[in-house]
Amino acid sequence: MATATTEVDGDITNPAFYADEDPHPLFARLRNERPVFQREDPSGLVHWVLTKHADQSFVYRRPDIFSTQYGVTFDTYRGATPDPAAGAMLEFSAPRHHKELRKEFNKSYNRRAIKVLEPTVRKYAQEKVARAASLGSFDFAREIADPVTSAVVFGLLGFPSSDWDLLFDLSRRSQEETHPSIPGRCPFDTSAAEANHELVKYLMRLLNPRRDDLQDGHVKVLSGLLFDGEPLSQREVILNTLNIMQGGNSTTRHAASGGVLALIQHPDEAARLTSRSHFPLLVEEVVRWTSPAIHFMRRATRDVTVRDARIRKGDAVSVWPIAGNRDEEVFTDPYRFDALRSPNKHIGFIAGPHLCLGINVARLELRVLFEEVLRGLPGLRLNGPVTRVASNFIAGIDHLPVTVS
Ligand code: HEM
């Protein structure tokens, strides 16, 4: 049986590792030498590490065995204590409750419901691309990826546009780049908890029935949703709004920047995009290639065997889409950025009941953004060092300096 080790697992949970190094050689070694093993982290948390695509797919499809209720990231995992949002927030709900809640949410997030956003997304993208083109040299992350993707999510939720900059700032602070354990690496002077607190206060004010600037959007839908004949409580509305906001903000913008970087670095692949029908394939390859979510945590609800490993009830389990998306057993030539890869069974949005709720939003945003960038910014090239986010959860690009011909 695989036991606790530090022989081959290296810096797997060290946030700086993802900012400073290419993590893929480590994950290739883990997939090949120890696809399932138990590890004691320097923080003291003992967890199973699963890197193979097939094993992760099993975990994602069985939330009854691998629970999301105890926290889904390494830093927020709570051991035997359920997360305070368990049972209220979609992602942290137990299977039966999750299924019912998800059925309601899907009504606003299915492909048809999201398709109507296309003209709005295109307008945001065209405006930002035109502005950036006039600048000549700019930071793609700040000028295009961040504002376009956050505007889509905030608009979808119904936040007043005058608050979008503030909300983006708080959302970014509350989630990812803040790793206080790395001196000098945290770009913010407030903690993630403080930013989260600010976000909750903002939402409480917005949901105050005396205010009338909450526009039509998903927050209003959530507020009016009847569940088992009862409306969701204010706490449930707030938690689920945060879930959608964080799920949407911390991922798509990094996929957008990572995708543009890949196109710059692989001009032959960019040249293959000769038809509009190619762009949906590009989007899937970008999500596989960038894998914006590095890992997720689960807790075993009963004894279960994965390969030769006997996972016990109560054990912590970490799954690594970043590794599954380069699995040689699933992808031909996995280290090649293949803009038209097909089939592409990536797990960037995972699979099973917790499959990304915003998958249609993300696909739409990324497709429109890449179409507009390739049309409006010809000859895009790098113009300085790329800075990556120091996080073991979000694989992202903080700064992408570029210039246009
Ligand atoms: C490229 C962009 C995106 C990626 C790679 C991504 C990835 C993921 C992944 C891997 C999960 C599973 C989490 C888990 O199992 O614990 C997830 C769930 C979720 N995502 Fe996304 N996401 C993206 C965009 C979005 C957008 C745009 C939204 C909202 C508009 C969104 C909202 C959510 C929500 C609410 C969940 C929880 C679903 C549930 O538990 O049923 N995501 N996402």
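What counts, and at which threshold
Residues numbered from 1 in each chain as written. Predicted model: local features only at pLDDT ≥ 70, side-chain atom pairs only at ≥ 80, totals over all residues. Heavy atoms only, no water. Donors = N, O, S within 2.8 Å, 3.2 Å for Na, K, Ca; no water. Helix = DSSP H or I, 4+ residues; strand = E, 2+ residues; numbered from the N terminus. Pairing = 2+ DSSP bridges. 1 Å grid on protein atoms, 1.4 Å probe; cavity = no way out; pocket = protein on both sides within 12 Å on 5 of 7 lines; lining within 4 Å. Points joined across faces, edges and corners; volume = space filled by probe spheres on them. Nonpolar A, V, L, I, M, F, W, Y, C, P; charged D, E, K, R; others polar.

### Structural notes on the coordination of the iron atom of the ligand
A lone protein donor binds the iron atom of the ligand: Cys-356 (SG), at 2.3 Å. Mapped onto the elements of the fold, Cys-356 is located in the loop between helix H14 (321–324) and helix H15 (359–376).

### So, the sheet that holds strand E2 (residues 46–50)
If you trace the 5 strands from one edge of the open sheet to the other, you get E1-E2-E10-E7-E3, paired in mixed fashion. Each edge of the sheet is formed by a strand with only one pairing partner; in this case those strands are strand E1 (36–40) and strand E3 (66–67). In terms of strand pairing, E2 meets strand E10 (residues 316–319) through 4 bridges, oriented parallel. Each residue of the ladder has a partner; that of Trp-48, found in E10, is Val-317.

### As for the layout of surface pockets
In this structure, the second largest pocket spans a volume of roughly 520 Å³. Lining the second largest pocket we find 26 residues, and of these Pro-23, His-24, Trp-289, Arg-326 and Arg-388 sit closest to its centre. Sorting the residues of the lining of the second largest pocket by element identifies helix H1 (15–20), helix H2 (24–33), helix H11 (234–265) and helix H13 (279–290) as the ones contributing at least two each. Counting residues per element, the lining of the second largest pocket draws most heavily on H11, which supplies 5 residues. Considering only residue class, the lining of the second largest pocket consists of 14 nonpolar, 7 polar and 5 charged.

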